[in-house]
Amino acid sequence: MEALKQFCELLGLPATGTKALLRARVAFALAHPGEPLPKALLGRKKSGKAWPDGDLSPDTVITENASFGPRFRNYFKGVIGAHFVCHGDFMDWVRANSGATLADAAEAWLMLEARKDDPAFRREIAACNNYLQYLRDARDAVPDLTLDEAKACWDIKKLRPAQDGIVVFETADVALITRDG
């Protein structure tokens, strides 16, 4: 998150808000150089509390200013179990479903987690996450490339000039590293 804030500052963008909001600002700025951010990306003033006082329950209604702090996470760890993780897909679902209940959110989390078992499913990589996109593209193009080798390719290639600042994997990148056996 800190690196994302620094990147926003480097681009002259506001560096406050959620990770998703920062990613959206960066993606817009990279796709629309020189254009001012739309109001929706400047952040919104939130009114009221993120969650009501007292214990969260399955009937607790999700508000537009839902937060994902320890209280929220502990609730879901209690409902789902210690394996609960508050990943981006789930946070996006919660943000998009104000008015739903935490019981609805628990069902959504289970559905989102079940997708991981589908070999055809791939999470969408945000446009601003050049690193993860590069690693995915590298391993798709060269199936026997290990993750460490893909990371080594990135470490070398990211230092070179790139079109629009976007580092794109090319199969020739593998020659940048020395592969053992």
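None of the values given here were measured: they were computed from a predicted structure.

1. Considering helix 2 (residues 19-31)
Point 1. If you check helix 2, its first and last C-alpha atoms are 18 Å apart, about what 13 residues at 1.5 Å a residue would give, namely 18 Å.
Point 2. If you check which residues of helix 2 are buried, you get Leu21, Leu22, Arg25, Val26, Phe28 and Ala29. The buried residues of helix 2 occupy an angular sector of 165° when projected down its axis, which confines them to one face.
Point 3. Along its buried surface, helix 2 packs onto helix 1 (2-10).

2. So, helix 7 (residues 147-157)
Point 1. Where helix 7 is concerned, the buried positions are Glu149, Ala150, Cys153, Trp154 and Lys157. Buried positions in helix 7, seen along its axis, are confined to an arc of 145° and lie on one side of it.

3. Description of the layout of surface pockets
Point 1. A volume near 1,000 Å³ is recorded for the largest pocket.
Point 2. Considering the residues around the largest pocket, the lining is formed by 30 residues, among which Arg23, Ala126, Cys128, Asn129 and Asn130 are closest to the centre.
Point 3. Those elements giving two or more residues to the lining of the largest pocket turn out to be helix 1, helix 2, helix 4 (88-96) and helix 6 (130-141).
Point 4. Looking at the lining of the largest pocket, the element that brings in the most residues is helix 4, giving five residues.
Point 5. Residues of the lining of the largest pocket, tallied by class, amount to 17 nonpolar, four polar and nine charged.

4. Observations regarding the nonpolar core
Point 1. Counting 21 residues, the largest nonpolar core has Trp51, Ile62, Phe72, Phe76, Phe90 and Leu102 as its most contacted members.
Point 2. Listed by contribution, the elements that provide at least two residues to this core are helix 3 (70-80), helix 4 and helix 5 (102-115).
Point 3. A total of five residues in this core trace back to one element, the largest contributor, which is helix 5.
Point 4. Excluding residues within four positions of it along the chain, Phe90 makes contact with Phe72, Phe76, Phe84, Ala105, Trp109 and Leu112.

5. With respect to the packing of aromatic side chains
To describe a pair of aromatic rings, one takes the distance between the centres and the angle between the planes.
Point 1. Going through the model one piece at a time under the given rule, you end up with 12 aromatic pairs.
Point 2. Ring centres 5.2 Å apart and planes at 90° place the aromatic pair Phe68 and Phe72 in the edge-to-face group. Comparing Phe68 with Phe72, the two get one shared label, buried.
Point 3. Geometrically, the ring pair formed by Phe84 and Trp109 is tilted, given 5.4 Å between the ring centres and 45° between the ring planes. A residue pair is termed long-range when its members are at least 10 positions apart, and Phe84 in the loop between helix 3 and helix 4 and Trp109 in helix 5 qualify at 25 residues.
Point 4. Exposure remark for Phe84: the relative accessible area of 3% places this residue in the buried category.
Point 5. One aromatic cluster in this structure is built from Trp51, Phe68, Phe72, Tyr75, Phe76, Phe84, Phe90 and Trp109.

6. As for the environment of Pro38
Point 1. Secondary-structure assignment places Pro38 in the loop between helix 2 and helix 3.
Point 2. Along the sequence, Pro38 and Phe72 sit 34 residues apart, while their C-alpha atoms lie 30 Å from each other.

7. Focus on the side chain of Asn130
Point 1. Inspection of the secondary structure puts Asn130 in helix 6.
Point 2. Not counting chain neighbours up to four residues away, the residues in contact with Asn130 comprise Trp154, Gly165, Ile166 and Val167.

Quick notes on the rules
- Residues numbered from 1 in each chain as written.
- Predicted model: local features only at pLDDT ≥ 70, side-chain atom pairs only at ≥ 80, totals over all residues.
- Heavy atoms only, no water.
- Helix = DSSP H or I, 4+ residues; strand = E, 2+ residues; numbered from the N terminus.
- Expected span 1.5 Å × (residues − 1).
- Buried < 20%, exposed > 50% of the residue type's maximum accessible area, 1.4 Å probe, protein only.
- Arc of directions from axis to C-beta.
- Contact = heavy atoms within 4.5 Å.
- 1 Å grid on protein atoms, 1.4 Å probe; cavity = no way out; pocket = protein on both sides within 12 Å on 5 of 7 lines; lining within 4 Å.
- Points joined across faces, edges and corners; volume = space filled by probe spheres on them.
- Nonpolar A, V, L, I, M, F, W, Y, C, P; charged D, E, K, R; others polar.
- Core = buried A, V, L, I, M, F, W, Y, C linked by side-chain atoms within 4.5 Å.
- Phe/Tyr/Trp six-rings, centres within 6.5 Å; stacked < 30°, edge-to-face > 60°.

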